[in-house]
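Topology and contacts: notes
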Amino acid sequence: MSKSAEYRLSWSEIRQRYELSRSSTQELLPIIPDDTEWFTWLSHVSSFAFHGKQYALTARREHTQRGNTYWYAYSRIRKKVRKKYLGKTADLCSERLEQIAALLHSQDTSVDLHPDQSEALAVRSHKRSPAREKKVSPVPLLTTKLCIPC
């Protein structure tokens, strides 16, 4: 079972602003994103959930071997976890979170195909004359072994 984030930054349609709350109690915190207090708060937490205008992600602060800290976005889409770089604490604003959330989810629109399958799909979708119509196997290597020669 996955652990939920302690804090949540959410877009409020009613109030037309981002609101930071504690996930367990739904208590709103008096911190306004992109304000000075926001960046101070970010330096004291290790992760939070972000629910933007359209998409969601989990932001986590990670430490490098050289001692630097950077924020990364994680999102689970179709049982696959995707990761994107968010930046340093000073760069972490609501606009950046929205941008990366959209980017993570835009990758989901393309179907993950094996290179051979995507090539075969392109061949199938290409318009050909009915006289030259052939069956296209998704794996070109097997085509020579399984098809009758022309």
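Placed above this text is the structure.
Now for a look at the structure at hand. Only a predicted model underlies this, so the values are computations on that prediction, with no experimental measurement involved.

**A word on the pairing of strand β1 (residues 7-12)**
For β1, the tally of buried residues reaches 5 of 6 residues, placing the bulk of the element in the interior. Of the pairings in the sheet, the one linking β1 to strand β2 (residues 17-22) comprises 6 bridges and is antiparallel in character. Considered in β2, the bridge of Arg8 is made with Ser21. Between β1 and β2, which pair antiparallel one after the other, the connecting turn spans 4 residues, and Gln16 there sits at a positive phi close to 55°. In the sheet, β1 pairs with strand β3 (residues 47-51) via 3 bridges, with the strands oriented parallel.

**Brief notes about the sheet that holds β3**
Within the open sheet, the 6 strands sit side by side as β2-β1-β3-β4-β5-β6. Their pairing is mixed. In this open sheet, the two edge strands, each paired with only one partner strand, are β2 and β6 (80-87). Averaged over all neighbouring strand pairs, the angle between strand axes comes to 25°, with direction disregarded. On the sheet, helix α2 (residues 94-106) packs against β1, β2, β3, β4 (56-63), β5 (69-77) and β6 and is oriented at approximately 150° with respect to β6.

**So, the nonpolar core**
A general trend in soluble globular proteins is that nonpolar side chains are found buried together. Judged by nonpolar contacts, the single largest core of 23 residues is most densely connected at Trp38, Trp41, Phe48, Leu57 and Leu97. Top element by residues in this core is α2. It accounts for 4 residues. Apart from residues no more than four positions distant in its own chain, Leu57 is found in contact with Phe48, Ala49, Phe50, Ala73, Tyr74, Leu97, Ile100, Ala101 and Leu104.

**Structural notes on the pairing of β3**
As paired strands, β3 and β4 are joined by 5 bridges and run antiparallel to one another. In the sheet register, His51 faces β4, and the bridge partner there is Ala56. Two successive antiparallel strands, β3 and β4, enclose a turn made up of 4 residues.

**Remarks on the pattern of salt bridges**
Summed over the entire model, instances satisfying the criterion amount to 5 salt bridges. Residues Arg22 and Glu6 are paired through a salt bridge, measuring 3.2 Å at the closest nitrogen-oxygen approach. Residue Arg22 is found in strand β2, and its partner Glu6 is found in the segment before β1; the two are separated by 16 residues along the sequence. In this structure Arg22 comes out as partly exposed when scored by relative accessible area, which is 23%.

The rules behind the values
Residues numbered from 1 in each chain as written. Predicted model: local features only at pLDDT ≥ 70, side-chain atom pairs only at ≥ 80, totals over all residues. Heavy atoms only, no water. Buried < 20%, exposed > 50% of the residue type's maximum accessible area, 1.4 Å probe, protein only. Helix = DSSP H or I, 4+ residues; strand = E, 2+ residues; numbered from the N terminus. Pairing = 2+ DSSP bridges. Axes fitted to C-alpha atoms, helices over the stretch in contact; angles between N-to-C directions. Contact = heavy atoms within 4.5 Å. Core = buried A, V, L, I, M, F, W, Y, C linked by side-chain atoms within 4.5 Å. Salt bridge = Lys/Arg side-chain N within 4 Å of Asp/Glu carboxyl O.

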